Amino acid sequence: VVSAPEGVMPQTIESINHAKAAKVPIVVALNKIDRPDATPQKINQTLGELAAAGLNPLEWGGDTEVVRVSALKGEGIDKLLEVLDLQGQLLDLKADYGGAARGTVVEARVEEGRGPTADVIVQDGELKVGDFIVVGRAYGRVRDIMDDRAQRHKTVGPASVVRISGFDALPDAGDKFYIVESLREA
C-alpha cells in the first residue's frame, strides 16, 4: 500500500525488498487518491518512484499491477479485489485447509485484559481456540481468536488475518507460528 500524495517511503522500499527476496508477486494499492494533494503530477511522481524501486507499473508497460484506491471512501476496492483474485487464479495459488495451522505474525502488542496479543495471517491449516502454539520465542495456548471487526471465532482457516492471545511473551513481527501437540512440546 503506497500513499499517492506521499509517495514511496523507506518502509515501502523495505516491503518491496522482502517481497522480492521471497519471490512473491506484488500488487500495489495506490491509496488516498481522493485527497486534494493527489494530483495527476504527484501520482505520476509516485509511479516513477515505484518504477525506480523496481516495480514498473502495468500502465507504463511494466509488469506490476497498480490499483488506485481510497480506503476512506471505498473507491477502487472492488477493482483491487478483482486484481488479487485474478492473480490468485493465474498463479494457481492454493492453501492447505487440513491439519495444524501455521502462519506469520504481522504485528504484536500487549493489550490490557488480554496480555500479549498478535495479529497473524494463517497461511495453512486450521487455527482453533485451545491449540498449543509456538511463535518465535513465545509459546502458549490460543485463548481467543478475534477478527478485524472484533468478532470472536472458534476456528479460522487459511488467508484469515486475526488477533490471537494466550502467549507467555510478546512475539515479534515476522515471527512464524506453528501448532504443536502439547504445552510441554511448545
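Structural notes, computed from the coordinates.

Rules of the game
Residues numbered from 1 in each chain as written. Predicted model: local features only at pLDDT ≥ 70, side-chain atom pairs only at ≥ 80, totals over all residues. Heavy atoms only, no water. Salt bridge = Lys/Arg side-chain N within 4 Å of Asp/Glu carboxyl O. Helix = DSSP H or I, 4+ residues; strand = E, 2+ residues; numbered from the N terminus. Buried < 20%, exposed > 50% of the residue type's maximum accessible area, 1.4 Å probe, protein only. Pairing = 2+ DSSP bridges. Right-handed = clockwise from strand over helix to strand, strands pointing away. Core = buried A, V, L, I, M, F, W, Y, C linked by side-chain atoms within 4.5 Å. Polar contact = N/O pair within 3.5 Å; in protein donor to acceptor, adjacent residues only side chain to side chain. Contact = heavy atoms within 4.5 Å. Expected span 1.5 Å × (residues − 1). Arc of directions from axis to C-beta.

### Observations regarding the pattern of salt bridges
Under the defined criterion, the tally for this structure stands at 15 salt bridges. The partner of Arg102 in a salt bridge is Asp124, with the nearest N and O atoms 2.6 Å apart. Note that Arg102 is positioned in strand 4 (residues 102–111) and Asp124 in strand 5 (residues 115–124), a separation of 22 residues in sequence. Taking relative accessible area as the criterion, Arg102 reaches 38% and is therefore assigned partly exposed.

### A closer look at the pairing of strand 3 (residues 65–68)
Along any regular strand the residues' side chains alternate between the sheet's two faces. With four bridges connecting them, strand 2 (residues 27–31) and strand 3 associate as parallel partners. Note that in strand 3 the partner of Val28 across the bridge is Val66. Taken together, strand 2, helix 2 (residues 40–52) and strand 3 form a β-α-β motif whose crossover is right-handed.

### Focus on the nonpolar core
One finds Leu127, Ile133, Ile164 and Phe177 to be the most contacted residues of the largest nonpolar core, which totals 17 residues. Contributions of two or more residues to this core are made by strand 5, strand 7 (132–135), strand 8 (138–146), strand 11 (161–167) and strand 12 (176–180). In this structure, Ala4, Leu47, Ala53 and Val66 belong to the second largest nonpolar core, which totals 13 residues.

### A short note on the side chain of Glu111
Looking at the element boundaries, Glu111 is found in strand 4. You can call Glu111 buried: its relative accessible area is 17%. Of the polar contacts made by the side chain of Glu111, one reaches the side chain of Thr117; its length is 3.5 Å. Residues contacting Glu111, with those up to four places away along its chain left out, are Thr117 and Arg163.

### Re helix 1 (residues 10–21)
Relative to the 16 Å expected for twelve residues at 1.5 Å per residue, helix 1 spans 17 Å between its end C-alpha atoms, a close match to the ideal helical length. Residues of helix 1 that are buried: Thr12, Ile16 and Ala19. Seen from one end, helix 1 has its buried residues packed into an arc of 65 degrees, which puts them on one side. Away from the buried face of helix 1 by more than 90 degrees, exposed residues Pro10, Gln11, His18 and Ala21 are located. Looking at the buried residues of helix 1, the elements they touch are strand 1 (2–3). Lys23 sits one or two positions beyond helix 1 and adopts a positive phi of about 55 degrees.

### What to know about the pairing of strand 7
Side chains Phe132 and Val134 project from strand 7 onto one buried face, and the interleaved Ile133 and Val135 project onto a second face that is buried too. Alignment of strand 7 against strand 8, held across four bridges, turns out to be antiparallel. What sits directly across from Val135, in strand 8, is Ala138. Note that strand 7 and strand 12 share four bridges and pair antiparallel.

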